[in-house]
Structures are given as C-alpha cells and as structure tokens.
Amino acid sequence: RIPDVPSQSTKMKVYIRIRPLNSRELEMGNRSIVKLVDDRMLVFDPKEDDQPFFFHGVKQRMRDITKKQNKEMQFVFDRVFDARSENENVYAGSICEILPSLLEGYNCSVFVYGATGAGKTHTMLGNDTSPGIIYLTMRSLYSEIEQLKEEKHFDIGISYLEVYNENVHDLLNPSSGSLHLREDSVNGVIVAGMKLVQIVDASHLFELLRQGNSNRTQHPTDANAESSRSHAVFQVFIKMQVRDSEQVQIVKLSMIDLAGSERGAATNCKGMRFKEGSNINKSLLALGNCINNLADGVKHIPYRDSKLTRLLKDSLGGNCQTVMIACVGPTVLSYEDTYNTLKYAARARTI
Ligand code: ADP
Ligand code: MG
C-alpha cells in the first residue's frame, strides 16, 4: 500500500556547492564573491571590507573605483556546502534524506545545475579517490535494500541516457542511435529501445558509468575546452514486491548532470555550435519554465517543450522528491554565472 503522502515534504530541496579555487584563480588572486553567513545563508558579492582577501598571506587592496556598488544579496538555501566539502558531505547532507521516500514508492530526482566548470560532473561522478553522488547513492540504496530483503523482493535496473541537440542517446548502447520517447497512460514516459541493465555489484556500476561517460558527446568550444553541452541522465528503476503479495510497485530515481547553464552568447558559438547552443537552451529553458510554473502553482506545466522535460515528466513536481544541487565558482571570474545560478536556485526553492 502506498501512503498518501511521503514521509518527507515534497518541496524541492535546493543546495549550493561552492567549488574550491582552481589553479588559475589561485594565481590571479581575485576577490571572492560568495560569503557564507552560516551553513544555510550566503551573501553574494559582499562588501570588500567585510571580507579582506588574503593572497599568499598578504591582504589584498585591489579596489576598483570604476566598479559598481557591491550587490550584497542574501540568499537562503536548504544548505550551503563550502569549498572544503567533499562529495561524501554533499551526499550525506542532501540526497541521503530522500532515499526513504524512494523506497516508500515516490519517484525522486537529483539535478546538478551550474555553468561549465562549476563542479557538476565532479559532484555527480567524482573520481576514484572521491566517488560522486551517483555511486554514494547506489551504495546506500543497496545496503538499504539488503535490510528490507525479507519483506520485499527487489529488481533493479539502470539506464544512462544523454540528451544532446534535442536527441536522446543511450550511453550504454551507443550504436542504437537516436531514441524516441513515447507516452502511455499506464507506464508514463517510455524511451523506445533503451537498454536497462541489471547491476551485479559496485564495481559493475563503476564500469558502466565509465563506459557510459566515454560515450558522452564532448565538443570543445572557444570558451572552455571541457565544456559539456549535453545533459546526462542516469536512472534507476526499482521494482518492489511485498513477499506473498501480487502487488508490484515501480519507482524511479533520476540523477541528471545538466549541460552548462552559461548563456550561448558567452561561448561565441557559430554554425553547428550555435545550433547546439540554442537546443541546449531549449532543454534548460523548458526545465526553467517547468520550475517556474510549479513554483507559481500554475496548472499547466510545459513538460512537452523539450526532450529533457518530457523524459522527466513523472519525476518533477507532484508527489516527487526533487533535489537540486547548484554548483558555483568562488571568485569574480565567475561573477555572472554564479549570480545567475544563485537566482535560478532560489527560484527553484519556492516549489
Ligand atoms: P562542470 O561539470 O560543471 O563543467 P567539473 O565538475 O568538470 O565542472 O569541474 C571543473 C574542474 O574543477 C574539474 O577539473 C574538477 O575536477 C574540478 N572540481 C570541481 N569541483 C571540485 C571540488 N569540489 N573539489 C575539487 N575539484 C573540483
Ligand atoms: Mg561536466
């Protein structure tokens, strides 16, 4: 039996993760643009006097009198993870809380949002020494399921898709080409021909992620060689059946590494890249419009406006648990991107 409401509130949980300084930022010694007040509140573009910037232990006085007045905008989120936080901390302070709802029968989704270079893929996938939130989530999920095994029977399958240029590709079966989305009143959104893989153990998951990532579309652009213009959608389908009962329940966990949120204009795109740019805007724009309408309580949610939102129709809003981790750069070099990301994230938090 499905409870009427999940034990957790279905309000979207929004977290900010501040990336540590990279070597270029360390070298340039630019002013920091985010100041933590506590673990939930930050000030964007604080007054410089409030926060002297120390570079190699020396207080910097780099006041630019032509500069506009500092914005000094306060933002409150469900939690702000500072530059010292590890993937483990981010996992434990965010997604860990929604896992019980998943096993109660509610679809859950986790988005990482932010400009290129802000730390989305590091958060989602991490590396060998610091595995990302996909791995950490799956690890907990398996241990949770292990404990419920007596009561319920579980079948788990995963898929890994990419939305690129408004085409859906299967990262676990790249030869299948562009896949079609279908909708059916019983099963919801279906990706025709998508491969659903049963995972044997953790090392198998690692191998699948590695394999899937090597199939991701990566096109270096002028703005950033590591720019990723695609959305990567990792999904876990869990079929649960209470032992000695006929009733079967299917839930879905989606984890999405969104394409860079920076504006197309900033990347100096032309021709093919320009088309990519406008299509990426289409999916991110549609996601933003869905979020806006959900936040305003508008009845019509424009899920159909893009491939990404169609794919996630049953995982966004309604009785779903949604988590957004917005990644931001720490210095004035990412001023516009960080500002836009904080505004977007603050908006999402009103859902
Ligand atoms: P995005 O996916 O948003 O474009 P990445 O995750 O690729 O950004 O991060 C850009 C660079 O910064 C990468 O080299 C990544 O390893 C590094 N990086 C990002 N976040 C962190 C972090 N929290 N700790 C250490 N390195 C990080
Ligand atoms: Mg990335």
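Residues numbered from 1 in each chain as written. Chains lettered and ligands numbered in written order. Predicted model: local features only at pLDDT ≥ 70, side-chain atom pairs only at ≥ 80, totals over all residues. Heavy atoms only, no water.

Caption draft 1: Quick peek at the nonpolar core. Ile-16, Phe-77, Leu-287 and Leu-342 are the most contacted members of the largest nonpolar core, which totals 46 residues. Not counting residues within four places of it along the chain, the set of residues in contact with Leu-342 comprises Ile-16, Val-34, Leu-42, Phe-44, Phe-75, Phe-77 and Val-328. By size, the runner-up hydrophobic cluster in this structure holds 42 residues, among which are Leu-136, Ile-145, Leu-172 and Leu-253. (Core = buried A, V, L, I, M, F, W, Y, C linked by side-chain atoms within 4.5 Å. Buried < 20%, exposed > 50% of the residue type's maximum accessible area, 1.4 Å probe, protein only. Contact = heavy atoms within 4.5 Å.)

Caption draft 2: Seen up close, unusual backbone geometry. Unusually for a residue other than glycine, Asn-165 sits at a positive phi of about 60°. Looking at the element boundaries, Asn-165 is found in the loop between β9 (152-164) and β10 (167-170). With a phi angle near 60°, Asp-244 is a residue other than glycine that sits in the positive phi range. With respect to the element layout, Asp-244 can be found in the loop between β15 (231-242) and β16 (248-257). Judged by relative accessible area, which is 84%, Asp-244 ranks as exposed. (Helix = DSSP H or I, 4+ residues; strand = E, 2+ residues; numbered from the N terminus.)

Caption draft 3: Broad picture of the environment of Thr-341. Inspection of the secondary structure assignment puts Thr-341 in helix α9 (residues 335-348). When the C-alpha positions of Thr-341 and Lys-35 are compared, they lie 15 Å apart, and in sequence the two are 306 residues distant. When neighbours within four sequence positions are excluded, Thr-341 is seen to be in contact with Tyr-113, Gly-114, Ala-115, Ser-261, Ala-326, Cys-327 and Val-328.

Caption draft 4: Representation of the pairing of strand β12 (residues 181-184) within the structure. Two elements, β12 and strand β13 (residues 188-191), share four bridges in a ladder whose sense is antiparallel. Following the sheet pairing, Leu-181 is matched in β13 by Val-191. Taken together, β12 and the strand that follows it, β13, pair antiparallel across an intervening segment of three residues. (Pairing = 2+ DSSP bridges.)

Caption draft 5: Fine view of the pairing of strand β1 (residues 13-18). In terms of residue burial, β1 counts as a mostly covered element, since six of its six residues are buried. Taking every second residue as pointing to the same face, both faces of β1 are buried, with Lys-13, Tyr-15 and Arg-17 on one and Val-14, Ile-16 and Ile-18 on the other. Summarising the sheet, β1 and strand β17 (residues 321-328) pair through six bridges and their orientation is parallel. The partner of Lys-13 across the bridge, within β17, is Val-323. Across three bridges, the pairing between β1 and strand β7 (residues 79-81) is parallel. Within β7, the residue paired with Ile-16 across the bridge is Val-80.

Caption draft 6: Representation of the packing of helix α5 (residues 133-148) against helix α6 (residues 202-214). In contact at an axis separation of 11 Å, α5 and α6 are set at 150° when each is read in the N-to-C sense. In terms of orientation, α5 and α6 fall into the roughly antiparallel class. As for how α5 packs across α6, the hand of that crossing is right-handed. Contacts from Ile-134, Tyr-135 and Met-138 of α5 reach α6 at Ala-202, Leu-205, Phe-206 and Leu-209. Counted by class, the contact of α5 with α6 contains seven nonpolar, no polar and no charged residues. (Axes fitted to C-alpha atoms, helices over the stretch in contact; angles between N-to-C directions. Parallel < 35°, antiparallel > 145°, perpendicular 65-115°, else oblique. Left-handed = near helix turned anticlockwise from the far one by under 90°. Nonpolar A, V, L, I, M, F, W, Y, C, P; charged D, E, K, R; others polar.)

Caption draft 7: Main features of the sheet that holds strand β2 (residues 34-36). Strands sit in the order β2-β3-β6 across an open sheet of three strands; the sheet is antiparallel. Each edge of the sheet is formed by a strand with only one pairing partner; in this case those strands are β2 and β6 (73-76). Neighbour-to-neighbour, the strand axes of this sheet turn through a mean angle of 30°, independent of strand direction. Here strand β3 (residues 41-44) pairs with β6 via four bridges, running antiparallel. Directly across from Phe-44, in β6, lies its bridge partner Met-73.

Caption draft 8: Geometry of the site of ligand 1. Close to ligand 1 lie Arg-17, Arg-19, Pro-20, Ala-115, Thr-116, Gly-117, Ala-118, Gly-119, Lys-120, Thr-121 and His-122, which account for all nearby residues. Contact between ligand 1 and Thr-121: an oxygen atom at 2.8 Å from a side-chain N or O atom of the residue. For ligand 1, whose unbound accessible area comes to 560 Å², protein coverage reaches 68%. Among the residues forming the shell around ligand 1, the class breakdown is three nonpolar, five polar and three charged. (Near = heavy atom within 4 Å. Polar contact = N/O pair within 3.5 Å; in protein donor to acceptor, adjacent residues only side chain to side chain. Areas by Shrake-Rupley, 256 points an atom, 1.4 Å probe, with all protein chains shown as cover.)

Caption draft 9: Quick look at the environment of Arg-84. Relative to the assigned elements, Arg-84 resides in the loop between β7 and α2 (87-93). Sequence separation between Arg-84 and His-122 is 38 residues; the distance between their C-alpha atoms is 14 Å. Side-chain polar atoms of Arg-84 contact the side chain of Asp-82, separated by 2.5 Å.

Caption draft 10: View of the layout of surface pockets. Of the pockets and cavities examined, the second largest pocket occupies roughly 670 Å³. In terms of lining, the second largest pocket is formed by 26 residues, of which the most central are Asn-187, Phe-237, Ile-250, Lys-252 and Asp-314. Going through the elements one at a time, β9, β13, β15 and β16 are the ones with two or more residues in the lining of the second largest pocket. (1 Å grid on protein atoms, 1.4 Å probe; cavity = no way out; pocket = protein on both sides within 12 Å on 5 of 7 lines; lining within 4 Å. Points joined across faces, edges and corners; volume = space filled by probe spheres on them.)

Caption draft 11: Here's a closer look at the side chain of Ser-85. The residue Ser-85 is located in the loop between β7 and α2 in this model. Overall, the relative accessible area of 12% leaves Ser-85 in the buried class. There is a polar contact of 2.6 Å between the side chain of Ser-85 and the backbone oxygen of Asp-82. Not counting residues up to four positions away in its chain, the partners in contact with Ser-85 are Arg-17 and Val-90.

No statement about biological role is implied by the geometric values presented.
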